[in-house]
Amino acid sequence: MNGLLIANKNLAAREQVAALFEGDGYEITTADSVVNSLEGIIDKSIQVVLLGGVFDEQQVAKFVPLLKKCNRNLSIILVSDEMPLELLRRIRKEGIFYHALKPVGDESWDEIRQAVGCAFENYHARQGVSGRVLRGKASTQWQKSTGTI
């Protein structure tokens, strides 16, 4: 099972992102905060967290390490507006899988879909289980851009 948590305080944004992943075969959970879904993270029914919205610097700096303590193999994808470079460096050290700026067009959403697919592959590879495999031109472009091929 590929459990995807979409956490965003904005209901419309959560629904929009959930609709984007509907046909991808993920077990999607949406929440206004990750705290409401910690059980799924701890029992590993959620493997990828897609965090979106507006973040307070102190919140994110404390929150990412907490999630990683709950499940060290958890893949965290952060979708946000501009963030200070120092904060990005700090949370990257804590182990986020990917950071993307909030999408403005359809192509940007495609990037996030690819990042989620690769996050599942990465998670399953660490677990020794075959995960969902991205196929085609988009996968090759993603792998080249991230240095995985």
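Because the structure is a prediction, the values reported are computed rather than measured.

A. Spatial organisation of the side chain of Asn8. For Asn8, the location among the structural elements is in the loop between β1 (3-7) and α1 (11-21). A polar contact of 2.9 Å, which involves the side chain of Asn8, links it to the backbone nitrogen of Asn10. Among all residues touching Asn8, those that are not within four sequence positions of it are Ala13, Arg14, Ala31, Asp32, Gly52 and Gly53.

B. The sheet that holds strand β4 (residues 75-80), seen in detail. Spatial ordering of the open sheet is given by β2-β1-β3-β4-β5, a layout of five strands whose pairing is parallel. Looking at the sheet topology across the chains shown, the edges are occupied by β2 (27-31) and β5 (98-101). On average, each strand axis in the sheet is tilted by 15° relative to the strand beside it, whichever way the strands run. The pairing of β1 with β2 spans five bridges and is parallel. Its bridge partner lying in β2, Ala7 is registered against Ala31.

C. How the structure looks around the pairing of strand β3 (residues 48-52). Burial analysis of β3 places five of its five residues in the buried class, which makes it a mostly covered element. Bridge analysis of β1 against β3 gives four bridges, and the strand direction is parallel. The partner of Leu5 across the bridge, within β3, is Val49. When β3 meets β4, the two strands line up parallel, connected through five bridges. Bridging from a neighbouring strand, Leu51 pairs with Leu78 of β4.

Parameters at a glance
Residues numbered from 1 in each chain as written. Predicted model: local features only at pLDDT ≥ 70, side-chain atom pairs only at ≥ 80, totals over all residues. Heavy atoms only, no water. Helix = DSSP H or I, 4+ residues; strand = E, 2+ residues; numbered from the N terminus. Polar contact = N/O pair within 3.5 Å; in protein donor to acceptor, adjacent residues only side chain to side chain. Contact = heavy atoms within 4.5 Å. Pairing = 2+ DSSP bridges. Axes fitted to C-alpha atoms, helices over the stretch in contact; angles between N-to-C directions. Buried < 20%, exposed > 50% of the residue type's maximum accessible area, 1.4 Å probe, protein only.

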